[in-house]
Amino acid sequence: MTDLDRIRNFSIVAHIDHGKSTLADRLIQLTGTVAERDMKDQLLDAMDIERERGITIKANSVRIDYPAKDGKTYVLNLIDTPGHVDFAYEVSRSMQAVEGSLLVVDASQGVEAQTLANVYQAIDADHEIVPVLNKIDLPAAEPERVKEQIEDVIGIDASEAVEISAKTGLGIPDVLEAIVHRLPAPQGDRDAPLKAMLVDSWYDPYLGVVVLIRVMDGVIKKGDQIKMMKTGATYKLDRLAVLKPAMVNIDELGPGEIGVFTASIKQVRDTKVGDTITHEKKPCANALPGFKPSIPVVFCGLFPVDANDFEALRDAIEKLQLNDASFSAEMETSAALGFGFRCGFLGLLHLEVVRDRLEREYDLDLITTAPSVVFKVHMKDGEVIELHNPADMPDLTYVDHIEEPRIKATILVPDEYLGDVLKLCQDRRGIQQDLTYVGGRAMVVYDLPLAEVVFDFYDRLKSVTKGYASFDYQITEYREDYLVKMSILVNDEPVDALSIMVHRDRAEARGRAMCEKLKDLIPRHMFKIPIQAAIGGRVIARETLSAMRKDVTAKCYGGDASRKKKLLEKQKAGKKKMRQFGKVEIPQSAFIAALKMDE
Ligand SMILES: Nc1nc2c(ncn2[C@@H]2O[C@H](COP(=O)(O)OP(=O)(O)OP(=O)(O)O)[C@@H](O)[C@H]2O)c(=O)[nH]1
């Protein structure tokens, strides 16, 4: 057990790509926590996919022993927080587990939208904050300007910001000293009943569920019988350890300490992040405040391209869920796509990550239907239905009105792109709320419907601003609007997986755009194919795909057999990615591509 005054618990907050993981790696390396030969870049980003995309998804933790210049050795606990908006809840709960934050800002970029969102969470959690200017090795670094920006925009003192290069290692010792001398030690009562926060949990194939905790009061020991206050479940601790970052067993953890335990817990679902852990026999009086389950906000259908893969998909989903309790899945049948799952995600990035993992790690070919938000359908009889799938929209005669989730979006953008950003937000039914200038850039705040953002808003924003805009959002409320379900008919058959909820004023334009896209995406058949968009029974847009004239191999007559074979093989491979709808084959790619809005 470590004395409270020798402990410092902290997290690192930053905008994506400002160098949080690189700094964490350096801190670990400099303190010899990991032997040099075991050091891999971005040690805390465990999963391959994180490494590839360069984003941190699961909050992780490491314990570092640091012999400071004052001659004392301190225990530094770093909890790594994910930087992306979809994982805001993971950020907020890990903030509750520590007393301070390093605010990392790229000195060549300055403050970005997620810098703000994350630092506000740290301020809300009463953190002491040490500003760190990273990437000062870059010629474009402007530390003085960025310090001013931090003071103007965030309102914290940046005069003593630590200037570093996480890449070259410059300034890292100063960061360690700042952690010890500028961040507060934790507080807690060793003699009080056990009170610990469940910060995170994950599934390990060898150990089962591993639970990351922060002890607030009391002492937790190996073999203890513990109780989770929210779920009421009780467990006996098998193993208690600290992460360095490999697991090192330990006999007990006292106030202020951070560690992990295992206890024959079967699934991650049984552990609710933010829950309070106490002793079964001598529980603490009150649970920790601030518990809130993470709720999926974006839904889509996942279907196997090959119907025979349904069981494999079910298996893969169950395995992924062992590790990700925030992703939900329920079986669904679609007239068009057969058996599959309706899945819920924390946001669009989360959706992409899960879909990628299913396709890559489990080798599945999937059709993803249009992402949709949860609409609240108020029926005339007073019932309120949560609509997760546009295909389930009840008959309009029974519907009184429909509400959709709205968000408050904050966008930071260089002045020259402001016009394009305003146009994009306006086109997506946005209502401008604020426009200010911070350190040479515009900060716009918009009230937007989440439904208009979940699809390709990030992509559009990036492309109209050449990647210079940064974006963050939070859901504010549900609000009524004139929303309708638009169906798509291909060869007079409705393709349920393509139906979407849309604002009535935009339905014609969206319908036309989708029909035009589909006309290009669906290969020609031997017959004419009408493609229509309809609201209720009324067709609002129509295109016709003309019949095919030639056989693909027709022009290969005369003998080049290998070329002919190749062509046929290519066609066969293409077929695998197609689905049959009535008499028409629609390629997998059409389902997402049809919905992209080119404005
Ligand atoms: N020149 C320079 N590049 C750096 C420095 N620190 C980090 N980088 C680079 O910046 C990029 C982003 O760094 P990461 O550490 O992955 O950023 P991050 O904030 O952890 O990103 P997320 O985990 O995605 O939020 C990487 O290509 C790093 O090599 C630095 O001090 N100087």
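Residues numbered from 1 in each chain as written. Predicted model: local features only at pLDDT ≥ 70, side-chain atom pairs only at ≥ 80, totals over all residues.

The chain is annotated in an unreviewed UniProt entry as Elongation factor 4 of Thioclava nitratireducens. In its Catalytic activity (unreviewed entry) section, the UniProt record describing the chain reads: "GTP + H2O = GDP + phosphate + H(+)". Among the UniProt annotations of the chain, the heading Sequence similarities (unreviewed entry) holds the following wording: "Belongs to the TRAFAC class translation factor GTPase superfamily. Classic translation factor GTPase family. LepA subfamily." (UniProt positions renumbered as here; feature names shortened; annotations may be inferred.)

(A) Local environment of the nonpolar core. Core analysis: the largest hydrophobic core is formed by 79 residues, its most contacted members being Leu103, Val132, Val175 and Ile213. Per element, the largest residue contribution to this core is seven residues, and it comes from strand 8 (residues 208–217). Once you skip the residues sitting within four places of it in the chain, valine 132 turns out to touch Leu102, Leu103, Val104, Ala161, Val162, Ile164 and Val175. Ranked by size, the runner-up nonpolar core spans 78 residues in total, among them Phe303, Ala533, Leu545 and Ala594. (Core = buried A, V, L, I, M, F, W, Y, C linked by C-beta atoms within 7 Å. Buried ≥ 20, exposed ≤ 12 C-beta atoms within 10 Å, placed from the backbone. Helix = DSSP H or I, 4+ residues; strand = E, 2+ residues; numbered from the N terminus. Contact = placed C-beta atoms within 7 Å.)

(B) Just the packing of helix 1 (residues 20–30) against helix 6 (residues 172–182), in detail. Relative to each other, helix 1 and helix 6 sit at 85°, their axes nearing to 10 Å. Classified by the angle between their axes, helix 1 and helix 6 sit roughly perpendicular to one another. Between helix 1 and helix 6, the contacting residues are Arg26, Leu27 and Leu30 on the first element and Ile172, Val175 and Leu176 on the second. Class assignment for the residues of the contact of helix 1 with helix 6 results in five nonpolar, no polar and one charged. (Axes fitted to C-alpha atoms, helices over the stretch in contact; angles between N-to-C directions. Parallel < 35°, antiparallel > 145°, perpendicular 65-115°, else oblique. Nonpolar A, V, L, I, M, F, W, Y, C, P; charged D, E, K, R; others polar.)

(C) Examining the environment of serine 487 more closely. Mapped onto the elements, serine 487 comes out in strand 28 (residues 483–490). For serine 487, a count of 21 C-beta atoms within 10 Å gives the class buried. Linking serine 487 and threonine 544, residues 57 residues apart in sequence, is a C-alpha distance of 16 Å. Ignoring sequence-local partners within four residues, the contact set of serine 487 consists of Pro494, Ser499 and Ala534.

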